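# Summary of structural features
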Amino acid sequence: MRSLSVESPAKLNLSLRVLRKRKDGYHELYTLFHRISLRDTLQLSKRKEGIRLYCSHPKVPKRGNLIVEAFRLLKRQFPFQGGVTVRLTKRIPVGGGLGGGSSNAAHFLLGMNRLYRLGLSQKKLLTLGAKLGSDVPFFLSDHRYAVGTGRGEKLQGLSLRRKLWFLLICSPKGLSTRKVYQGLRLERRWTSLTRVRHDVKITSAFLQRGKFRQATQFLKNDLQASAERIRPSLMKARESLSALQLGRCQMSGSGPTLFFIFLSKRKTQQALSKVRNHLLSKSSSLALCHSF
Ligand code: C5P
């Protein structure tokens, strides 16, 4: 095999609770990850040596790109002959809180494992992935719906037979994850694990039964206030979207992407028309997607 193509889906954090700041500077999380159909495509082709990354999207960093870091890490830990050319078709907003960069790195590793028949077990891949970023292991796992604990890298799969639909409100300007975590007001963030576990259990049970109104009562993103302090227009957007009575308007990850959850494509399309008519910033874009 000389080349292959890999799909690289995004995630939403249906809920993201920050429990405490750790000694290593990271934050202990309890988050609900959900894989969605919005996705990038990676085309991998063998080359003699090194890595070449091509991406038409101007905002994708070439330097320090997680795909390049993943290649270097792979070479260091499991030396093999040969290099790779990567063509990345970007559809996931960059710096949007949808895990695009982490997903690209994870699917690059999965693709390289196949392309070069490296024979890496999922356990080895998960260990590599955790070194690259807190969200990378989720994309290496087979889960489409999971609780993430620790930095977000410890996963427990959950079952959700229902297909969920989402309307995403994407901003053209990303937010820095590191800055959003730095801006957390921690004294008010000492959340009880028992309480959070309970909330997540209830959310999943309600989602499973299609009881959205009840489920969304328990969804919360502890990074939202910090993201809105950094970008006040985000609060305005969330408030005006909430006034449309389409259910709860949530932020994913460290933002700034906002989303609504629905049970059917029809409802999501109706919401899309409504939101389009009320969109505050003309530069925001809307995306309709589903569980994947
Ligand atoms: O793990 P990742 O490199 O994606 O994290 C980016 C930044 O986000 C970290 O450098 C850290 O500042 C912050 N972070 C955190 N706690 C987490 C995950 C990320 O403080 N659980």
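Residues numbered from 1 in each chain as written. Predicted model: local features only at pLDDT ≥ 70, side-chain atom pairs only at ≥ 80, totals over all residues. Heavy atoms only, no water.

Check the secondary structure of the protein and you find 10 helices and 10 strands. A globule of 292 residues ought to have a C-alpha radius of gyration of about 19 Å, and the protein, at 19 Å, matches this closely. Here the C-alpha coordinates of the protein stretch approximately 55 × 40 × 35 Å along the principal axes. Counting the 292 residues in the protein, one finds 54% classified as buried. (Helix = DSSP H or I, 4+ residues; strand = E, 2+ residues; numbered from the N terminus. Rg over C-alpha atoms; globule rule 2.2 N^0.38 Å. Buried < 20%, exposed > 50% of the residue type's maximum accessible area, 1.4 Å probe, protein only.)

We now examine the site of the ligand. Neighbouring the ligand are the residues G25, Y26, H27, L29, G133, S134, R151, T177, R178 and Y181. One of the side-chain N or O atoms of H27 is found 2.7 Å from an oxygen atom in the ligand. S134 is positioned such that a nitrogen or oxygen atom in its side chain is 2.5 Å from an oxygen atom of the ligand. Surface burial for the ligand is 76%, taken as the share of its 450 Å² of free accessible area covered by protein chains. Using a 2 Å cut-off from the grid points, one finds that the ligand occupies the largest pocket. Contributing elements (two or more residues each) for the shell around the ligand: β2 (27-47) and α5 (177-182). Counting residues per element, the shell around the ligand draws most heavily on α5, which supplies three residues. Residues of the shell around the ligand, tallied by class, amount to three nonpolar, five polar and two charged. (Near = heavy atom within 4 Å. Polar contact = N/O pair within 3.5 Å; in protein donor to acceptor, adjacent residues only side chain to side chain. Areas by Shrake-Rupley, 256 points an atom, 1.4 Å probe, with all protein chains shown as cover. 1 Å grid on protein atoms, 1.4 Å probe; cavity = no way out; pocket = protein on both sides within 12 Å on 5 of 7 lines; lining within 4 Å. Sits in = over half its atoms within 2 Å of the grid points. Nonpolar A, V, L, I, M, F, W, Y, C, P; charged D, E, K, R; others polar.)

Strand pairing within a sheet occurs via backbone hydrogen bonds; the two strands may be parallel or antiparallel. Spatial ordering of the open sheet is given by β8-β9-β7-β10, a layout of four strands whose pairing is antiparallel. The open sheet has two edge strands with one neighbour each: β8 (250-251) and β10 (285-290). Pairing geometry for strand β7 (residues 165-170) and β10, over six bridges, is antiparallel. Note that in β10 the partner of I169 across the bridge is L286. Contacting β7, β8 and β9 (258-262), helix α9 (residues 232-242) crosses the sheet at an angle of about 25 degrees to β9. (Pairing = 2+ DSSP bridges. Contact = heavy atoms within 4.5 Å. Axes fitted to C-alpha atoms, helices over the stretch in contact; angles between N-to-C directions.)

Another aspect to go through is the layout of surface pockets. Taken as a whole, the largest pocket spans an internal volume of roughly 1100 Å³. For the largest pocket, the lining is made up of 45 residues, of which S102, D135, T177, R178 and S254 are closest to its centre. Secondary structure elements with two or more residues in the lining of the largest pocket: β1 (3-21), β2, α1 (66-77), α2 (100-115) and α5. Split by residue class, the lining of the largest pocket holds 18 nonpolar, 20 polar and seven charged. (Points joined across faces, edges and corners; volume = space filled by probe spheres on them.)

Right, let's talk about helix α3 (residues 122-132) for a bit. For α3, the set of buried residues is L125, L128, G129, A130 and L132. The secondary structure elements touched by the buried residues of α3 are α1, α2 and α4 (136-140).

A separate point is the packing of aromatic side chains. Applying the stated criterion across every chain yields a total of seven aromatic pairs. The interplanar angle of 15 degrees and the centroid separation of 4.6 Å between the aromatic rings of F33 and F138 together place this pair among those described as stacked. Within this pair, whereas F33 is found in strand β2, its partner F138 is found in helix α4, the two being separated by 105 residues in sequence. For F138, a relative accessible area of 1% corresponds to the buried category. Each ring, one from F80 and one from Y116, has its centre 5.0 Å from the other, and the planes form 45 degrees; the classification is tilted. Of this pair, F80 sits in the loop between α1 and β4 (83-89) while Y116 is found in the loop between α2 and α3, placing the two residues 36 residues apart along the sequence. The residues F80 and Y116 share a single accessibility class, namely buried. (Phe/Tyr/Trp six-rings, centres within 6.5 Å; stacked < 30°, edge-to-face > 60°.)

The tally for this structure, following the rule as stated, stands at 11 salt bridges. Here R17 makes a salt bridge to D222, at a shortest N to O gap of 3.2 Å. Of this pair, R17 sits in strand β1 while D222 is found in the loop between α7 (212-217) and α8 (224-230), placing the two residues 205 residues apart along the sequence. The salt bridge partner of E28 is R22, with a shortest N-O separation of 3.1 Å. Ionic contacts of the salt-bridge type, sharing partners, join the residues R17, R195, D199, K220 and D222 into one network. (Salt bridge = Lys/Arg side-chain N within 4 Å of Asp/Glu carboxyl O.)

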